[in-house]
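Coordinate inspection notes
Letter by letter, the chains look like this.
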Amino acid sequence: MTDSDQKPPIAQRFRGFLPVVVDVETGGFNAKRDALLEIAAVTLDMDEQGYLSRRETFSRHVEPFPGANLDEESLRCTGIAPYHPFRMAKPEYEALETIFKPVRRAIKDGGCKRAILVGHNSFFDLSFLNAAVQRTGIKRNTFHPFSTFDTVSLAGLAYGQTVLARAVQAAGFEWNSEKAHSAVYDTERTADLFCAIFNRWNQYSGEKVALQSQAI
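Note that the structure is predicted; figures quoted are calculated from it, not measured. (Residues numbered from 1 in each chain as written. Predicted model: local features only at pLDDT ≥ 70, side-chain atom pairs only at ≥ 80, totals over all residues. Heavy atoms only, no water.)

This paragraph deals with the sheet that holds strand E3 (residues 52-61). If you trace the 5 strands from one edge of the open sheet to the other, you get E3-E2-E1-E4-E5, paired in mixed fashion. Each edge of the open sheet is held by one strand with a lone partner, namely E3 and strand E5 (143-150). When strand polarity is set aside, the average angle formed by the axes of neighbouring strands in this sheet is 35°. Sheet strands in contact with helix H4 (residues 92-109) are strand E1 (17-26), strand E2 (36-46), E3, strand E4 (114-119) and E5, and its direction is about 160° off that of E3. On the sheet, helix H6 (residues 151-159) packs against E4 and E5 and is oriented at approximately 20° with respect to E5. (Pairing = 2+ DSSP bridges. Helix = DSSP H or I, 4+ residues; strand = E, 2+ residues; numbered from the N terminus. Axes fitted to C-alpha atoms, helices over the stretch in contact; angles between N-to-C directions. Contact = heavy atoms within 4.5 Å.)

Here it is, written out as structure tokens:
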């Protein structure tokens, strides 16, 4: 038995990277200037047949960093009141560590070497994550610094839909517009979408291999 045979299935599928679905809610579109206000992450499991499913969800409300810009239009869209005491928001460093610690544990459990961010318009989420890591001085970003899996492209390929709500519905899931723009809700729906696309491909590729084997 080789070392690769002893690794969990997910460690063998993505070159040692663990897909972790992330969504952020922000005070604008500029990662260096605008506030990070919410962050959520969903870890994934892979069974022995190679199918993905949601594992755990982690989230944190985030205090705007000192001097952060808060765009009124963005706040109206998300419905976030950044300084409301019931948000129980934490400073960026503490909020990120709340997310990174269980992700590091999932990386270890999965036999992987690093996380890779999965997101809908993933460059946006990763840019805010990277900017917050730089501001807080966290020495090692748990996530790959530039590579991602983007469900916009994947859903466009699989279902012909690029808007998250429509793609989620095309994948067979319900969409609640009243819960949208919550980091937890959007992350879990994005995770469902990613798993559905991946599992659809996994099923198709498995059937194709079986048909080819029968033809030989």
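A separate point is the pattern of salt bridges. For the coordinates displayed, the defined rule picks out 8 salt bridges. Measuring nitrogen to oxygen at the nearest pair gives 3.6 Å for the salt bridge that ties Glu 188 to Arg 54. With Glu 188 in helix H8 (residues 183-215) and Arg 54 in strand E3, this residue pair connects regions lying 134 residues apart in the sequence. According to the relative accessible area criterion, Arg 54 is partly exposed, its value standing at 34%. Between Arg 55 and Glu 56 there is a salt bridge; the shortest N-O distance is 3.9 Å. Looking at Arg 55, the relative accessible area reads 33%, which means it is partly exposed. (Salt bridge = Lys/Arg side-chain N within 4 Å of Asp/Glu carboxyl O. Buried < 20%, exposed > 50% of the residue type's maximum accessible area, 1.4 Å probe, protein only.)

This next bit is on the environment of Pro 9. Relative to the assigned elements, Pro 9 resides in helix H2 (residues 9-13). Note: C-alpha distance between Pro 9 and Leu 129 (120 residues apart in sequence) is 27 Å. Not counting chain neighbours up to four residues away, the residues in contact with Pro 9 comprise Met 46, Asp 47 and Glu 48.

What follows is about H4. The terminal C-alpha atoms of H4, which comprises 18 residues, lie 26 Å apart, in line with the 26 Å expected from a rise of 1.5 Å per residue. Within the sequence span of H4, burial applies to Glu 92, Ala 95, Leu 96, Glu 97, Ile 99, Phe 100, Pro 102, Val 103, Ala 106 and Ile 107. Looking at the packing, one finds that the buried side of H4 touches E1, E2, E3, E4, helix H5 (122-136) and E5. Taken from the residues just after H4, Gly 111 is the one with a positive phi, measuring 70°. (Expected span 1.5 Å × (residues − 1).)

The subject of this paragraph is the packing of aromatic side chains. The geometry of an aromatic ring pair comes down to the distance between the two centres and the angle between the two planes. Going through the model one piece at a time under the given rule, you end up with 8 aromatic pairs. Seen in terms of ring centroids, Phe 100 and Phe 143 are 6.0 Å apart; in terms of plane orientation they differ by 50°. Their pairing is tilted. Note that Phe 100 is positioned in helix H4 and Phe 143 in strand E5, a separation of 43 residues in sequence. When the centroid spacing of 5.7 Å and the interplanar angle of 40° are considered together, the rings of Trp 201 and Tyr 204 count as tilted. Of the two residues, Trp 201 and Tyr 204 both sit in helix H8, 3 residues apart, roughly one turn of that helix. By relative accessible area, Trp 201 is classed as partly exposed at 47%. Using a relative accessible area of 45% as the deciding quantity, one classes Tyr 204 as partly exposed. (Phe/Tyr/Trp six-rings, centres within 6.5 Å; stacked < 30°, edge-to-face > 60°.)

Another point: the pairing of E1. Within E1, 10 of the 10 residues are buried, which leaves the element mostly enclosed by the surrounding structure. On E1, burial covers both faces: Phe 17, Pro 19, Val 21, Asp 23 and Glu 25 on one face and Leu 18, Val 20, Val 22, Val 24 and Thr 26 on the other are all buried. Here E1 runs beside E2; their pairing, made up of 7 bridges, is antiparallel. Bridged to Thr 26 within E2 is Leu 36.

Without other data, these values stay purely geometric and don't point to any function.
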